[in-house]
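Examining the three-dimensional arrangement
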Amino acid sequence: MVHSVLEKWVDELVPAMLSDELHREIATEIGMHNFLKLSRLVGGGDFYVPRQESILRPLRNQKIQEEFNGCNTKELARKYGVSQRWVYQIVKRSAKKRT
């Protein structure tokens, strides 16, 4: 019975009801239902959220590997905001993984 009451409350809960400003911002951005899912997953514990750049880095590296043709290092470096040397490092690591 308590569980069904709580489920009904979820639909009435709005971010403005949360006491912590950061929690209100997160709930507003991702929605109350997702905020509650996050709470069930990590609530009560310390939780580190990496920067967006760190999360997207593997995809950026994959794109660089896919687009690399041996002659476009400067173009890729500019496009993805990395140095030409870093483009070579990404491509080199990819080659090592395949061998």
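Every value quoted in this text rests on a predicted model; they were computed, and no experiment measured them.

**Quick notes on the overall build of the protein chain**
Assigned secondary structure in the protein chain consists of 6 helices and 0 strands. In terms of principal-axis extent, the alpha carbons of the protein chain reach across some 65 × 30 × 20 Å. Residue pairs in contact within the protein chain that sit at least 24 positions apart in sequence constitute 16% of those at least 6 positions apart. Total accessible area on the protein chain is roughly 8,300 Å²; 55% of this is exposed by carbon and sulfur atoms. Here the protein chain contributes 17 positive and 12 negative side-chain charges, whose respective centroids are spaced 16 Å apart.

**Some details on the nonpolar core**
In this structure, Ile 64, Leu 76, Ala 77, Val 82, Val 87, Ile 90 and Val 91 together form the largest nonpolar core, which totals 7 residues. Listed by contribution, the elements that provide at least two residues to this core are helix H5 (73–80) and helix H6 (84–98). Here this core gets 3 residues from one element, more than from any other, and that element is H6. Once residues lying within four places of it in the same chain are set aside, the contact partners of Ile 90 are Arg 60, Asn 61, Ile 64 and Gln 65.

**Some words on the packing of helix H4 (residues 52–67) against H5**
Look at H4 against H5: their axes get within 11 Å of each other, and the N-to-C directions meet at 155°. Judged on the interaxial angle alone, H5 and H4 are roughly antiparallel. As H4 runs across H5, the sense of the crossing is right-handed. Residues Arg 60, Lys 63, Ile 64 and Glu 67 of H4 form the contact with H5, whose participating residues are Leu 76, Lys 79 and Tyr 80. Here the residues of the contact of H4 with H5 sort into 3 nonpolar, no polar and 4 charged.

**Here's the deal with the confidence of the model for the protein chain**
Mean pLDDT over the protein chain: 91, with 96% of residues reaching 70 or higher. Mean pLDDT across the elements of the protein chain bottoms out in helix H1 (residues 2–12) (75) and peaks in H5 (98).

**A few points about H6**
The end-to-end C-alpha separation of H6 is 22 Å, in line with the 21 Å expected for 15 residues at 1.5 Å each. If you check which residues of H6 are buried, you get Val 87, Ile 90, Val 91 and Ser 94. All buried residues of H6 fall inside an arc of 90° around its axis, so they share one side. In H6, the exposed positions angled more than 90 degrees off the buried face are occupied by Arg 85 and Lys 96. In the core, the buried residues of H6 are packed alongside H4 and H5.

What counts as what
Residues numbered from 1 in each chain as written. Predicted model: local features only at pLDDT ≥ 70, side-chain atom pairs only at ≥ 80, totals over all residues. Heavy atoms only, no water. Helix = DSSP H or I, 4+ residues; strand = E, 2+ residues; numbered from the N terminus. Contact = heavy atoms within 4.5 Å. Areas by Shrake-Rupley, 256 points an atom, 1.4 Å probe, with all protein chains shown as cover. Lys, Arg positive; Asp, Glu negative; His and termini not counted. Charge placed at Lys NZ, Arg CZ, Asp CG, Glu CD. Core = buried A, V, L, I, M, F, W, Y, C linked by side-chain atoms within 4.5 Å. Buried < 20%, exposed > 50% of the residue type's maximum accessible area, 1.4 Å probe, protein only. Axes fitted to C-alpha atoms, helices over the stretch in contact; angles between N-to-C directions. Parallel < 35°, antiparallel > 145°, perpendicular 65-115°, else oblique. Left-handed = near helix turned anticlockwise from the far one by under 90°. Nonpolar A, V, L, I, M, F, W, Y, C, P; charged D, E, K, R; others polar. pLDDT = per-residue confidence, 0-100. Expected span 1.5 Å × (residues − 1). Arc of directions from axis to C-beta.

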